[in-house]
Amino acid sequence: MEKSKILAGTVIAGLCASLTACSLGMKSQQPQNNEPTMEQNTGVANPMRSVNKDEFLQEIGVQFNVPEKADQVEYFVYDMGEEKLGEVQFDIDGTRYYLRVMSTDKTSIQDMDLDYCTKFTGQYFEWTTIKEGKVSYCDAKTFEEKEAKTIVWLDVVPGMVYSISTVNDKVSVEDLTSLANQCFVPSQGEH
């Protein structure tokens, strides 16, 4: 009887240790910050792949004019089921910029609410100023807070939404809009 109590206690202790180890392992796989992941936002896996400039153009079908003074230029593709999001990251004078593009069924910049723009740009800030504007012939929205700035624009005919974002209090919305105009390659030719 005494041996069976010891054996039962050992088995129970082993099970408790196993369950504790499993639950600790699961917690370590969760994101360490509070920023929502794309999986939480859309329910779709969103792996980010590094690609070269030619692969980016082949997969996304859009090119950008990366400024000559840009360095640390990197190209990425996010596989989102049937959709793909392209991102070009680069630095200018020590400031990092994030340029994104993706196809959309939106036909007006007014159809792109804050939630849509936030998920597309990946910029989760408490925006203090939101205004409408232009990038080339495209309608745009600018988003601003103390340090972060984002501009989102829509090229309706090919059905593409673009954005460029940065986090630097020395960069103005006007600077970012100018940069967007430099980077944007109009699909409809120059206007």
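Residue numbers here run from 1 along each chain, matching the order of that chain's written sequence. The predicted origin of the model limits local features to residues at a pLDDT of at least 70 and limits the giving and counting of side-chain atom pairs to 80 or more, whereas totals for whole chains, interfaces and linings rest on all residues. Excluded from the side-chain calculations are hydrogens and water; all other atoms, namely the structure's heavy atoms, are used.

**Student:** How should I be thinking about the overall build of the protein in this particular structure?
**Tutor:** Only runs of H or I of at least four residues qualify as helices and only runs of E of at least two qualify as strands under DSSP, and these elements are numbered from the N terminus. Of the regular secondary structure elements, the protein holds five helices and eight strands. Counted from the first residue to the last, the protein has its helices and strands arranged as α-α-β-α-β-β-β-α-β-β-β-β-α. The rule is simple: take the accessible area with a 1.4 Å probe, protein chains only, and divide by the maximum for that residue type; under 20% is buried, over 50% is exposed, in between is partly exposed. The burial tally for the protein puts 39% of its 191 residues in the buried class. What makes two residues a contact is simply this: any of their non-hydrogen atoms within 4.5 Å. For the protein, long-range pairs separated by at least 24 residues make up 50% of all intrachain contacts whose partners lie at least 6 apart in sequence. For the accessible areas, the method is Shrake-Rupley and the probe is 1.4 Å, while residue cover comes only from the protein chains on display. Total accessible area on the protein is roughly 11400 Å²; 51% of this is exposed by carbon and sulfur atoms.

**Student:** Any chance you could explain the packing of aromatic side chains here in plain terms?
**Tutor:** Geometry of an aromatic ring pair is reported as the spacing of the ring centres plus the angle between the planes. Only Phe, Tyr and Trp rings are paired, with Trp represented by its six-membered ring, and only when their centres lie within 6.5 Å; those with planes under 30 degrees apart are stacked, over 60 edge-to-face, the remainder tilted. The full count for this structure, using the stated rule, is 10 aromatic pairs. Aromatic pair Phe56 and Phe64: ring centres 6.3 Å apart, planes at 45 degrees, arrangement tilted. In this structure Phe56 comes out as buried when scored by relative accessible area, which is 2%. Between Phe64 and Tyr162, the ring centres sit 6.0 Å apart and the planes meet at 85 degrees, which makes this aromatic pair edge-to-face. Of this pair, Phe64 sits in the loop between helix 3 (53–60) and strand 2 (71–80) while Tyr162 is found in strand 8 (residues 160–167), placing the two residues 98 residues apart along the sequence.

**Student:** Even after reading the chapter, I still don't get helix 3, so can you show me in this structure?
**Tutor:** At 3.6 residues per turn, the α-helix brings residues three or four places apart onto the same side. Among the residues of helix 3, the N-terminal cap falls to Asn52, whose side-chain oxygen and the backbone nitrogen of Asp54 are separated by 3.0 Å. Backbone geometry just after helix 3 places Gly61 at a positive phi near 80 degrees. Within 3.5 Å is the distance limit for a polar contact, defined as a pair of N or O atoms, with the added protein rule that one can donate a hydrogen and the other accept it, and that residues adjacent in sequence qualify only through two side-chain atoms.

**Student:** Can you help me understand the side chain of Asp91 in this one?
**Tutor:** Looking at the secondary structure, you find Asp91 in strand 3 (residues 83–92). Overall, the relative accessible area of 16% leaves Asp91 in the buried class. Within the structure, Asp91 has its side chain in polar contact with the side chain of Arg96 (distance 2.9 Å). In contact with Asp91, not counting residues within four places along its chain, are Lys69, Ala70, Asp71, Gln72 and Arg96.

**Student:** What should I look at first to understand the confidence of the model for the protein in this one?
**Tutor:** Low pLDDT means the predicted atomic positions in that stretch should not be read closely. Confidence along the protein averages 80 in pLDDT terms, with 74% of residues attaining 70 or more. Low pLDDT, under 50, characterises residues 3–41; the stretch is placed with 17 contacts to residues that sit more than four places away or in other chains. A score from 0 to 100, pLDDT tells how confident the predictor is in each residue.

**Student:** In this structure, what is going on with the nonpolar core? I would like to understand it.
**Tutor:** Within soluble globular proteins, side chains that are nonpolar tend to cluster in buried spots. For this analysis, a nonpolar core means a set of buried residues of the types Ala, Val, Leu, Ile, Met, Phe, Trp, Tyr and Cys, connected via side-chain atoms within 4.5 Å. In terms of nonpolar packing, the biggest core is built from 29 residues, with Phe56, Phe90, Trp153 and Ile164 touching the most fellow members. Put simply, the parts of the chain that give this core at least two residues each are helix 3, strand 2, strand 3, strand 4 (95–103), strand 6 (138–144), strand 7 (148–155), strand 8 and helix 5 (173–183). For this core, the leading source of residues is helix 5, giving four residues. If you look at the next biggest cluster of nonpolar residues, it comprises 15 residues, including Tyr78, Met102, Trp127 and Val161.

**Student:** Explain unusual backbone geometry here, please?
**Tutor:** Leaving glycine aside, a negative phi is the common case for residues, and trans is the common case for peptide bonds. Positive phi is not limited to glycine here, since Gln72 has a value of about 55 degrees. Relative to the elements of secondary structure, Gln72 occurs in strand 2. Classification of Gln72 as exposed rests on a relative accessible area of 53%. Located in the positive-phi region is Ser136, a residue other than glycine, with phi close to 55 degrees. Looking at the secondary structure, you find Ser136 in the loop between strand 5 (129–135) and strand 6.

**Student:** Can you walk me through the sheet that holds strand 2 in this structure?
**Tutor:** Strand pairs in the sheet, formed through backbone hydrogen bonds, run parallel or antiparallel to each other. Strand order across the open sheet formed by eight strands is 1-2-3-4-8-7-6-5, with antiparallel pairing between neighbours. Of all strands in the sheet, those bounded by a partner on one side alone are strand 1 (48–51) and strand 5. Direction aside, neighbouring strands of the sheet carry axes that sit 20 degrees apart on average. Axis definition: a line fit to C-alpha positions, over the contact stretch in the case of helices; interaxial angles, taken between N-to-C directions, run 0 to 180 degrees. Strand contacts of helix 4 (residues 114–121): strand 3, strand 4, strand 5, strand 6, strand 7 and strand 8, with the helix running at about 70 degrees to strand 8, the strand carrying the most contacts. Two strands pair under a simple rule: DSSP has to find at least two bridges between them.

**Student:** Would you mind showing me how to read the environment of Val185 here?
**Tutor:** With respect to the helices and strands, the residue Val185 is situated in the segment after helix 5. Remark: the alpha-carbon pair of Val185 and Gln63, spanning 122 residues in sequence, is separated by 6.6 Å. What Val185 contacts, discounting residues up to four positions off in sequence, is Gln63, Phe64 and Asn65.

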